[in-house]
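# Architecture and fold: a report
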2 protein chains.
Amino acid sequence: MKQIKDAPIGVFDSGVGGLTVAREIMRNLPYEKIVYFGDTARVPYGSKSKETIIRYSRQIVRFLKTQEVKAIVVACNTASALALETISKETDLPMIGVVEPGAKVAVETTRNKKIGLIGTRATVKSGLYQRVIQKEDPQIQVIGQPCPLFVPLVEEGWLKDEITLEVAKRYLDPLLAQDIDTLILGCTHYPLLRSLLKGLVGDQVTLVNPAYETALALGRMLEDKGILREGKEEEFPYRFFVSDEEEHFQQFANSILPYDVKTTEQIRIEEY
Amino acid sequence: MKQIKDAPIGVFDSGVGGLTVAREIMRNLPYEKIVYFGDTARVPYGSKSKETIIRYSRQIVRFLKTQEVKAIVVACNTASALALETISKETDLPMIGVVEPGAKVAVETTRNKKIGLIGTRATVKSGLYQRVIQKEDPQIQVIGQPCPLFVPLVEEGWLKDEITLEVAKRYLDPLLAQDIDTLILGCTHYPLLRSLLKGLVGDQVTLVNPAYETALALGRMLEDKGILREGKEEEFPYRFFVSDEEEHFQQFANSILPYDVKTTEQIRIEEY
């Protein structure tokens, strides 16, 4: 058991966005080791089909197994919504996505039972957030809005920009018009727009960040299974792998992680 | 020779953008058959590395050869800039990209020898447009500007939108401030923004559309090699292949082609 406890957690995303989830795991579960994989050669997933996302996710799980991880976090809303159900049945490793933890906290948060959901086209279209929420409380209304420009705006670095604000207004006005009191940031890039979005929706609307909720849910899952790592923190117990070149990934990682990522390894994910 | 003349032209792109090139080939070389491949499972290429784009392009060339094409058009600026030189040496099929035809017309167009270039990060960073242009005339100055938001704006359908105009101003103002008189639309999506861009840059700046120039250059190349197809037009001599699901591709194709695309076939490009 000691050996399993000591094993790293596998965390994967279509690219850099899942680093916001890794960051929350680092903050909230500081003893855990992490192997992160970002599928930068095939990013983004949000505009692709379910079948393709399942195929890609399967390859990533096979890769993470070669790293002897003890659990897997699907740190990508699109893959959580479209692939998690299928791939979790195919492996005996404990697996958690970002949708369920985010959805459950949204249910606890809403008072008027009107929840807004923003994400990629694929995530919103999948209806998974809706299903999880309405299983908890069928009276809650979930109003989804795909925001395909948010990821490129974040990657352009326009986080507090007039143009980003205009785009956000365009996307969010229909949700605000329907009087939502809770808004799920249903894509791992969106927490980086948090302060801009908060300024736009005002104090009446609570933002739910599934990245944070997922880190807490992961901690509970590891504890339940008796495989939470104990003992002292290690120097830098994190390894990063990508499918395209390391440079851009490392820049982005260093801009959002509280550590300096000095090495990233490139692998050929399609061979797994 | 008759048999080779009758063979289709292979046209490929990272996704749907190359359809603007296919459209120009259909218009300008109406007797030619086309096999189009859009790499929709791995789109976009513009933010990925040279090594990855070469690997993807190699697989596509292998696929197009199974379709017995007589020539290949790399209808993607990023792949033309980063992969064409390598992959054209590896095959005996005549091959043409979009960069050279566009660059040469820009050289003929400019009067003040200041050319603006807009494209993806990878295309601009590659410096290929600059090299081709300065080989023709070393005195010409090429001012490059990556416009990573244009593709998602086009795919959002915001072609004549206030927000798109603001983004375009942000990107183009530095080029206009440097007094360019010619602007290369260095990404196959950008011709769809043509009227918005034209309104912004005014009559002083001539827009160069490499898609159109490529179709003309392809015609000359086929004629030189004696493999231009002759005879009567066929009903619908075009076949479309993609690496992700057909639906979104077909919608986009039908919105920009002068024909109705009724069938698209999905293949697993990583197996080639």
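Residues numbered from 1 in each chain as written. Chains lettered and ligands numbered in written order. Predicted model: local features only at pLDDT ≥ 70, side-chain atom pairs only at ≥ 80, totals over all residues. Heavy atoms only, no water.

Another point: the overall build of chain A. Within chain A, the secondary structure is distributed over 13 helices and ten strands. Each of the three principal axes of chain A carries a C-alpha extent, and together these read 50 × 40 × 40 Å. Out of the 272 residues belonging to chain A, those deemed buried represent 62%. Look at the contacts in chain A between residues 6 or more apart in sequence, and 77% of them connect residues 24 or more apart. (Helix = DSSP H or I, 4+ residues; strand = E, 2+ residues; numbered from the N terminus. Buried < 20%, exposed > 50% of the residue type's maximum accessible area, 1.4 Å probe, protein only. Contact = heavy atoms within 4.5 Å.)

Moving on: the sheet that holds strand S7 (residues 182-186) of chain A. Residue and element names in this part refer to chain A. Ordered by their spatial adjacency, four strands build an open sheet running S6-S5-S7-S8, and the pairing between neighbours is parallel. If you trace the sheet from one side to the other, it starts and ends with strand S6 (141-146) and strand S8 (206-208), each paired once. Taken pair by pair, the neighbouring strands of this sheet meet at an average axis angle of 25 degrees, ignoring direction. The sheet contact formed by strand S5 (residues 114-119) and S7 spans five bridges and is parallel. Considered in S7, the bridge of Ile115 is made with Thr182. Strand contacts of helix H10 (residues 162-177): S5, S6 and S7, with the helix running at about 165 degrees to S6, the strand carrying the most contacts. (Pairing = 2+ DSSP bridges. Axes fitted to C-alpha atoms, helices over the stretch in contact; angles between N-to-C directions.)

Residues and elements named next belong to chain B. A two-sided burial pattern is seen for strand S3 (residues 71-74), the buried positions comprising Ala71 and Val73 on one face and Ile72 and Val74 on the other. Here strand S1 (residues 9-13) pairs with S3 via four bridges, running parallel. Across the sheet, the residue bridging to Gly10 is Ile72, located in S3. The sheet contact formed by S3 and strand S4 (residues 95-97) spans three bridges and is parallel.

This part takes up the environment of Ala122(B). All names here are of chain B. Position of Ala122 relative to the elements: it lies in helix H7 (residues 121-126). Through-space distance from the C-alpha of Ala122 to that of Lys169 is 21 Å; in sequence the pair is 47 residues apart. Here Ala122 is in contact with Gly46, Lys48, Thr78 and Leu82, once residues within four sequence places are set aside.

Listed as interface residues are 32 residues of chain B and, on the opposing side, 31 residues of chain A. Summing the contributions of chain B and of chain A, the shared interface buries around 2,800 Å²; its carbon and sulfur component is 46%. Summed over the three residues of chain B that lose the most area to chain A, namely Arg55(B), Leu149(B) and Arg170(B), the buried surface amounts to 19% of that side. The interface formed by chain B and chain A holds six salt bridges in total. On the surface where chain B and chain A come into contact, there are 18 residue pairs in polar contact (both at pLDDT 80 or more). For the side of chain B that touches chain A, the secondary structure elements donating two or more residues are helix H3 (50-66), helix H9 (150-156) and helix H10 (162-177) of chain B. Tallying contributions element by element places H10(B) first for the side of chain B that touches chain A, with five residues. Grouping the amino acids of the side of chain B that touches chain A by side-chain chemistry returns twelve nonpolar, six polar and 14 charged. (Buried area = accessible area lost by both parts, 1.4 Å probe. Salt bridge = Lys/Arg side-chain N within 4 Å of Asp/Glu carboxyl O. Polar contact = N/O pair within 3.5 Å; in protein donor to acceptor, adjacent residues only side chain to side chain. Nonpolar A, V, L, I, M, F, W, Y, C, P; charged D, E, K, R; others polar.)

All names here are of chain B. Relative to the 21 Å expected for 15 residues at 1.5 Å per residue, helix H12 (residues 210-224) spans 20 Å between its end C-alpha atoms, a close match to the ideal helical length. Those residues of H12 that sit buried are Pro210, Ala211, Glu213, Thr214, Ala215, Ala217, Leu218, Gly219, Met221 and Leu222. Where H12 ends, the next residue or the one after it, Gly226, has phi of about 70 degrees, a positive value. (Expected span 1.5 Å × (residues − 1).)

Turning our attention to the sheet that holds strand S9 (residues 238-242) of chain A. All names here are of chain A. Here six strands make up an open sheet; going across it, the order is S4-S3-S1-S2-S9-S10 and the pairing parallel. Of all the strands in the sheet, the pair left with one neighbour each is strand S4 (95-97) and strand S10 (265-266). Each of strand S2 (34-38), S9 and S10 touches helix H13 (residues 246-256); the most contacted strand, S9, lies at about 140 degrees to it.

With that settled, the discussion passes to the pattern of salt bridges. As a working rule, side chains carrying opposite charge can pair if their charged atoms are close by. Residues and elements named next belong to chain A. Summed over the entire model, instances satisfying the criterion amount to 32 salt bridges over all chains. The partner of Arg42 in a salt bridge is Asp39, and the shortest N-O contact between them spans 2.9 Å. Look at Asp39 and you get buried, because its relative accessible area is 0%.

Moving on: the relation of the copies chain B and chain A. Structural alignment of chain B on chain A gives an RMSD of 0.0 Å, achieved by rotating through 180 degrees and translating 0.0 Å along the axis. Considering both components of the superposition, the chain copies are consistent with a two-fold axis. Measuring from the rotation axis to each C-alpha of chain B, the shortest distance belongs to Arg42(B), at 2.4 Å. Most of the interface of chain B is mirrored in chain A, where 97% of its interface residues again form contacts. (Least-squares fit on C-alpha atoms with pLDDT ≥ 70 in both.)

With that out of the way, let us pick up the nonpolar core. In this structure, Phe150(A) and Phe150(B) are the most contacted members of the largest nonpolar core, which totals 120 residues. Discounting chain neighbours no more than four positions away, the residues touching Phe150(A) are Ile118(A), Val167(A), Ala168(A), Tyr171(A), Tyr190(A), Leu193(A) and Leu197(A). (Core = buried A, V, L, I, M, F, W, Y, C linked by side-chain atoms within 4.5 Å.)

For residues other than glycine, phi is negative in most cases, and the peptide bonds are mostly trans. Of the consecutive residues Val43(A) and Pro44(A), the connecting peptide bond is found in the cis state with omega at -5 degrees. Inspection of the secondary structure puts Pro44(A) in the loop between S2 and helix H3 (50-66). Positive phi is not limited to glycine here, since Glu68(B) has a value of about 50 degrees. With respect to the element layout, Glu68(B) can be found in the loop between H3 and S3. Phi at Lys113(B) is positive, roughly 60 degrees, even though this residue is not glycine. Looking at the element boundaries, Lys113(B) is found in the loop between helix H6 (99-109) and strand S5 (114-119).

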